Every structure is written in C-alpha cells, then in structure tokens.
Amino acid sequence: GAVVSQHPSWVICKSGTSVKIECRSLDFQATTMFWYRQFPKQSLMLMATSNEGSKATYEQGVEKDKFLINHASLTLSTLTVTSAHPEDSSFYICSARDLWTGSNYGYTFGSGTRLTVV
Amino acid sequence: DQQVKQNSPSLSVQEGRISILNCDYTNSMFDYFLWYKKYPAEGPTFLISISSIKDKNEDGRFTVFLNKSAKHLSLHIVPSQPGDSAVYFCAASAGTGNQFYFGTGTSLTVIP
C-alpha cells in the first residue's frame, strides 16, 4: 500500500532557529500534500495544502511566512518552521494523496514529527 | 468553526464488549468519510471509510454507519480488545480529491 515517510520523527531546537520537516511519498506520486498540526488532546488542524509546483494554500490564521512549505516534486514536500519559538512546539503531521482510489481514498499520513523548541 | 465534531472526548469499554464512537458533521456537502486510529506521537492509521451512497460499511470487527439525514456517523468495534485503546478521529470530505476535515477525536480505553 501507499507509504508516506516523514522525517525527522522528533527534533529539539533552540528558540530563534529554523527547522525543516520532510514528507515523502515512497511508492506513489502525490500531487497534493497536506500539513497538519496537533496540540495535546486536540484535533488535527489543517495548516496548509501543498500542490506540486505551485504555492501552498494556507488555512486562516496560519502564518505563511513562518511556516514555509515547498512542494518541489511529486514525491517531496517540506515544511520549514522559521524563527521557531516555544509556542511552535507541537506535533506536525503530513499526509499525501494518491489517486482517489482505495478504501482510504488515497489519503495516507506520515508518522509525524514532534517539535520541541527550547 | 468545527465542521466535524466528536462530542465524547473519551470512552471506556470492557474487553469483549462493543465500543461505539460517534461523529457529527454540519456540512451537508460532505460525502466521503474516514475513521482513523492514532497512538501518541504517531501518525494516524486508516481504519475504515464510507461514502454517502452507502449507510453501512463493515471490515472485520469495525463497522461504520452513516445517517445522512442526521449528519451523523458512528464507528462500532466489536468485540473490543485492549489493543484498540487509542484516539479515534473521524474525517469528512466534500467531493473527490478535496481535503478532509477532522473531528476532535475520542480517546478509547478498553479495559481488560
């Protein structure tokens, strides 16, 4: 089945530095990838939708200059948290969409990245 | 505005009994629904799905029921097992290829 690889699985960084998270579709081409954020005991909040070769579409309230998304190829999307602050500490998850087929409608999640900003 | 809601943040069930997780939505355009299971610090794992042309879909111990008029779906797990203890999210999408909106999750604990 479709596999989405997300790296790193966890990262600790100092306040003010930038962190890059990668999301790769391993055995399929993903024209669209989604980035989510989850706070403790809360739902998965969609941050942005990333389309290959075009600018990402950000959800309301998400700072596009802070959360830079690049989807340069059909198998790779990256999320860069710039000038990270402790309030950016969270669990970030990507998902990639294959063709609208299969019982999961082609929607597969990565394993997530735990970001801690100190 | 939360378009997909799971009003029960937690649920405890004895092993072997039925677990029923509920999900309500507000957008009548939603026609594809997914259930995911999530362990802490891991990505969600797909469980089962249903489209609006059906009112029931079954896969092993998992059954999803859809009531379109009530904008309500539920996930039944029977028999429940301790390994089912996790957070369960429902998600809904309007039309093929669009993003899924997630509910707030229900934490299920199956007591041995």
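Please refer to the structure placed before this passage.
Since the model is a prediction, treat every value here as computed from it, not as a measurement.

Chemist: Looking at this structure, I do not really get a nonpolar patch on the surface. What am I missing?
Modeler: Where nonpolar side chains cluster on the molecular surface, the patch consists of A:Trp10, A:Ile12 and A:Val118 and spans about 370 Å² of accessible area. By the secondary structure assignment, A:Ile12 is in strand β2 (residues 10–13).

Chemist: I'm lost on the side chain of B:Ser74 in this one. Help?
Modeler: All names here are of chain B. Within the secondary structure, Ser74 sits in strand β8 (residues 72–77). There is a polar contact of 3.4 Å between the side chain of Ser74 and the side chain of His76. Ser74 has contacts with Ile20, Leu21, Asn22, Trp35, Thr63, Val64 and Phe65, leaving out every residue within four places of it along the chain.

Chemist: Would you take a moment to explain the sheet that holds strand β7 (residues 67–73) of chain A for this structure?
Modeler: The strands that make up a sheet pair up through hydrogen bonds in the backbone, lying either parallel or antiparallel. Residue and element names in this part refer to chain A. Strand order in the open sheet formed by 4 strands is β1-β3-β8-β7, with antiparallel pairing between adjacent strands. In this open sheet, the two strands that pair with only one neighbour each are β1 (4–7) and β7. Across this sheet, the average inter-strand angle for adjacent strands is 15°, counted without regard to direction.

Chemist: Sorry if this is basic, but what is going on with the interface of chain A and chain B here?
Modeler: Interface size is commonly expressed as the accessible surface area that is lost when the partners come together. On the side of chain B, 25 residues touch chain A, which itself brings 21 residues to the contact. In total, chain A and chain B occlude about 1,700 Å² of area from one another, counting both sides; carbon and sulfur atoms represent 63% of this. Run the count over chain A and chain B and you get 0 salt bridges. At the junction of chain A and chain B, the tally comes to 3 residue pairs in polar contact (both at pLDDT 80 or more).

Chemist: Would you explain the state of the cysteines in this entry?
Modeler: Every disulfide links exactly two cysteines, by a covalent bond between their sulfur atoms. Enumeration over the complete set of coordinates arrives at 2 disulfides over all chains. Each disulfide pairs two cysteine sulfurs, and for A:Cys23 the partner residue is A:Cys94, the sulfurs being separated by 2.0 Å. Measuring handedness by torsion sign, the sulfur bridge of A:Cys23 and A:Cys94 sits at about 80° and is right-handed. Placement of A:Cys23 in strand β3 (residues 19–25) and of A:Cys94 in strand β9 (residues 90–97) is noted, with a sequence separation of 71 residues between them. Across this residue pair, the class does not change: A:Cys23 and A:Cys94 are buried. The partner cysteine of B:Cys23 in its disulfide is B:Cys90, sulfur to sulfur 1.9 Å. Its S-S torsion of about 70° marks the bond between B:Cys23 and B:Cys90 as right-handed, since a negative value means left-handed. Taken together, the residues span a long stretch of sequence, with B:Cys23 in strand β3 (residues 19–25) and B:Cys90 in strand β9 (residues 86–93) at a distance of 67 residues. For the residue pair B:Cys23 and B:Cys90, the accessibility class agrees, reading buried in each case. With no disulfide of its own, A:Cys13 has A:Cys94 as its nearest cysteine by sulfur position, at a separation of 18 Å. A residue is classified by how much of its surface remains accessible, and A:Cys13, at 8% relative accessible area, is buried.

Definitions and cut-offs
Residues numbered from 1 in each chain as written. Chains lettered and ligands numbered in written order. Predicted model: local features only at pLDDT ≥ 70, side-chain atom pairs only at ≥ 80, totals over all residues. Heavy atoms only, no water. Patch = residues over 30% accessible without salt bridge, like charges linked within 9 Å, V, L, I, M, F, W, Y side chains within 5 Å. Areas by Shrake-Rupley, 256 points an atom, 1.4 Å probe, with all protein chains shown as cover. Salt bridge = Lys/Arg side-chain N within 4 Å of Asp/Glu carboxyl O. Helix = DSSP H or I, 4+ residues; strand = E, 2+ residues; numbered from the N terminus. Polar contact = N/O pair within 3.5 Å; in protein donor to acceptor, adjacent residues only side chain to side chain. Contact = heavy atoms within 4.5 Å. Pairing = 2+ DSSP bridges. Axes fitted to C-alpha atoms, helices over the stretch in contact; angles between N-to-C directions. Buried area = accessible area lost by both parts, 1.4 Å probe. Disulfide = S-S within 2.5 Å. Buried < 20%, exposed > 50% of the residue type's maximum accessible area, 1.4 Å probe, protein only.

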